[in-house]
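Single-letter residue listing:
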Amino acid sequence: MSPAYRVDDLPVTDTDVLIVGAGPTGLMAALALHRRGVPAVLVDRKAGPTRESRALAVQARTMEVYDQLGLADTVLANSNSALRIQVGGSSRGIGPNLAKLQDGHTRFPGVHIFEQSRNEDMLAGALTAGGGDIRWRHRLVDLQDRTAAPDGRVEALLEGPDGTLLRVRARWCIGADGAASAVRRALNLPFEGRTDEATFWVADVRAVRGVPDDAVNIRPGKRTFAAVFPLGPGGHVRLLGLAAKDTITQDEALATVAAEFGLTHGPVEWFSTYRVHHRVSARFRVGSIFLAGDAAHVHSPVGGQGMNTGLQDAHNLAMLLADVAQNRVDGRALDRYERERRPVALTLVNVTDRAFTVIGRRGSSAGLVRATIGALAFGVFPLVTRTSLGTRLGGYIGQYRIRYRYTANQTERERDPAVGLRLPPVADNQRALDTMTWQLHAYGAGTIVRPDVPEWIDGPREFGADPRGRLRSDRLYLVRPDQFVAASIPLRDNVVDEAHLRAALATHQILHAGP
């Protein structure tokens, strides 16, 4: 690019964080940073939030994040709940009952069907109501990371709605601009993985008969595969199916599920076809530039995990950047983001990839496999749901069983399995973290002498004994602002073990001097 103008003469906006992409991931990052008091500029080439429904499912862990931001009640009031997963058309409801599997492990059991467009409207509304900076119809033209130089910044060149150019200078940049990410391309990062050979279709349809109003319905068939997500009462659903050929029309697709599963329908609100991509960026961080959401990983939409994973990427990263910006943790801790979130994406992509290798194929052999899976479900699911495996399954679907590894040495995790997991709900302990601060928690230990920790670490707070025994009474827990258990510190006569405490602070690179 050889412009006829001098870049240095362009108007400049200085901020702490530039976020490129105002989908759910970018909006979550901007809102969480704003709530932590960190200046951020959010830009997107669109004119406003998407109007298409796209992603649907809000899982339990995302609901906990929304609750921390004061948004969970909005989702609950405007969503349709799917409390179970039903395999096949049987009214006996074969499949895991998520509400039962997750009860007591999260305050928001089940899946909440709340379309992407509504998520974006809600997040954008909350951000602008608080004075957040969203700049629609701004396209990223150029991006340079100059933070390695003294007083250097990330510098972006943006083109505005009337063609004018704007410079943004920031300490950090988050690329949340989707699978075709311009930020990822600017970093020249490989998007590793594959594209599935099969074509899939999706339709939002009304008056579908023979489907439950309160369950995600999986239909494994001989000639096709379909998933049904309840959008509302009266058979208002999202249908997702395997196409019988590479190019398929709306009428052909819906005729297939009518013939295979007897699913008749009324008006069609939206129809589209797509190929499934299973890809993860080679890096989630290069210097002072980060990737999150679909810019970092894409996979099958069938499990209802994609939007949730992006929202949680953003929440994790925003809390980390805020801690560094406010001099609470050392800047070297920024390596934590990729170390924690990339394995989550890899696991998700690998699981969905394997699942689609089994069910997402055409032909008689694939149909036999799907039929076998459907038959096994009748015997397997009732047994699984009565075991600890069922509880784990509920946690993985709800995404609150994601575990972070803070060090290569797993001795602390072996001493206390709660370390690295999101904080289990006991009394109002999760609500206590609405302040988005680091905290010290105790569970049935009584009054504890406050140890020598930075003043901005809140506590110790006593919440009473954990009735499920997940949090121990002889430990003091260090909890991060994103609600993850950072450390479990032994107590002796209600006094913390100083050596373990110092080691925990060092592991998380916490600075003892306040901001």
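Further up the page is the structure itself.
Please read these numbers as outputs of a predicted model, since none were measured by experiment.

1. Examining the overall build of the protein chain
Working step 1: Helix and strand counts for the protein chain stand at 14 helices and 23 strands.
Working step 2: Here the protein chain holds 515 residues, and the buried ones make up 56% of them.
Working step 3: Accessible surface, the protein chain: about 21,000 Å² in total, of which carbon and sulfur atoms supply 51%.

2. Description of helix α5 (residues 116-129)
Working step 1: Look at α5: 20 Å from first C-alpha to last across 14 residues, which is about the 20 Å you get at 1.5 Å a residue.
Working step 2: Turning to α5, its buried residues number three or more, namely Gln116, Ser117, Asn119, Glu120, Met122, Leu123, Ala124, Ala126 and Leu127.
Working step 3: Remark: Gly131 follows α5 within two positions and exhibits a positive phi of approximately 90°.

3. Quick notes on empty space enclosed by the protein
Working step 1: According to the stated counting rule, one finds one cavity of 30 Å³ or more in the structure shown.
Working step 2: Computed from the structure, the largest cavity encloses a volume of approximately 50 Å³.
Working step 3: Surrounding the largest cavity, Arg61, Val65, Gln312, His315, Asn316, Arg341, Tyr404, Asp482 and Phe484 form its lining.
Working step 4: The set of elements that each furnish at least two residues to the lining of the largest cavity consists of α2 (60-68) and α8 (306-325).
Working step 5: A class-by-class count of the residues in the lining of the largest cavity yields three nonpolar, three polar and three charged.

4. Comments concerning the pairing of strand β22 (residues 485-492)
Working step 1: Most of β22 sits out of view: seven of its eight residues are buried.
Working step 2: Bridge analysis of strand β21 (residues 475-479) against β22 gives five bridges, and the strand direction is antiparallel. From the neighbouring strand, Val479 faces β22, where its bridge partner is Val485.
Working step 3: The loop that links β21 with its antiparallel partner β22 comprises five residues; one of these, Gln483, has a positive phi angle of about 80°.
Working step 4: Here β22 runs beside strand β23 (residues 495-496); their pairing, made up of two bridges, is antiparallel.

5. Looking at the sheet that holds strand β18 (residues 297-298)
Note: strands within a sheet are paired through backbone hydrogen bonds, in either parallel or antiparallel orientation.
Working step 1: A sheet is described by the order of its strands in space; here seven strands give the open sequence β5-β12-β13-β14-β11-β15-β18, paired in mixed fashion. The open sheet terminates on both sides in strands that have one partner only, identified here as β5 (84-87) and β18.
Working step 2: Bridge count for β5 against strand β12 (residues 215-220) is four bridges, and the pairing is parallel. Residue Arg84 lies in a different strand from β12, and its bridge partner there is Ala215.

6. Here's the deal with the sheet that holds β22
Working step 1: Ordered in space as β20-β19-β21-β22-β23, the five strands form an open sheet in which the pairing is mixed. The open sheet has two free edges, formed respectively by β20 (458-462) and β23, since each of these has just one partner strand.
Working step 2: Note that strand β19 (residues 439-442) and β21 share four bridges and pair antiparallel. Looking at the pairing, Ala442 lines up with Leu476 of β21.
Working step 3: Contacts between helix α14 (residues 498-507) and the sheet are confined to β21, β22 and β23, with β22 contributing the most and set at about 170° to the helix.

7. Comments concerning the environment of Ala292
Working step 1: Note that Ala292 resides in the loop between β17 (289-291) and β18.
Working step 2: Given a relative accessible area of 1%, Ala292 falls into the buried group.
Working step 3: Along the backbone, Ala292 and Gly26 are 266 residues apart, and their C-alpha atoms lie at a distance of 8.1 Å.
Working step 4: Not counting residues up to four positions away in its chain, the partners in contact with Ala292 are Thr25, Ile174, Gly175, Ala176, Asp313 and Tyr337.

8. Structural notes on the side chain of Asp313
Working step 1: With respect to the helices, strands and loops of the structure, Asp313 is situated in helix α8.
Working step 2: Engagement of the side chain of Asp313 in a polar contact is seen with the side chain of His297, the distance being 2.6 Å.
Working step 3: Contacts of Asp313, omitting those with residues within four sequence positions, involve Ala292, Gly293, His297, Tyr337 and Arg341.

9. Re the packing of aromatic side chains
Working step 1: Scanning the model with the defined rule gives seven aromatic pairs in all.
Working step 2: Here Phe290 and Tyr337 contribute two aromatic rings whose centre-to-centre distance is 6.0 Å and whose plane-to-plane angle is 75°, an arrangement assigned as edge-to-face. Taken together, the residues span a long stretch of sequence, with Phe290 in strand β17 and Tyr337 in helix α9 (residues 335-359) at a distance of 47 residues.
Working step 3: Judged by relative accessible area, Phe290 falls into the buried class, the value being 0%.
Working step 4: Ring geometry for Tyr443 versus Tyr477: centroids 6.0 Å apart, planes at 70°, classification edge-to-face. Remark: Tyr477 occurs in strand β21 and Tyr443 occurs in the loop between β19 and β20; sequence separation between them is 34 residues.

How each quantity is defined
Residues numbered from 1 in each chain as written. Predicted model: local features only at pLDDT ≥ 70, side-chain atom pairs only at ≥ 80, totals over all residues. Heavy atoms only, no water. Helix = DSSP H or I, 4+ residues; strand = E, 2+ residues; numbered from the N terminus. Buried < 20%, exposed > 50% of the residue type's maximum accessible area, 1.4 Å probe, protein only. Areas by Shrake-Rupley, 256 points an atom, 1.4 Å probe, with all protein chains shown as cover. Expected span 1.5 Å × (residues − 1). 1 Å grid on protein atoms, 1.4 Å probe; cavity = no way out; pocket = protein on both sides within 12 Å on 5 of 7 lines; lining within 4 Å. Points joined across faces, edges and corners; volume = space filled by probe spheres on them. Nonpolar A, V, L, I, M, F, W, Y, C, P; charged D, E, K, R; others polar. Pairing = 2+ DSSP bridges. Contact = heavy atoms within 4.5 Å. Axes fitted to C-alpha atoms, helices over the stretch in contact; angles between N-to-C directions. Polar contact = N/O pair within 3.5 Å; in protein donor to acceptor, adjacent residues only side chain to side chain. Phe/Tyr/Trp six-rings, centres within 6.5 Å; stacked < 30°, edge-to-face > 60°.

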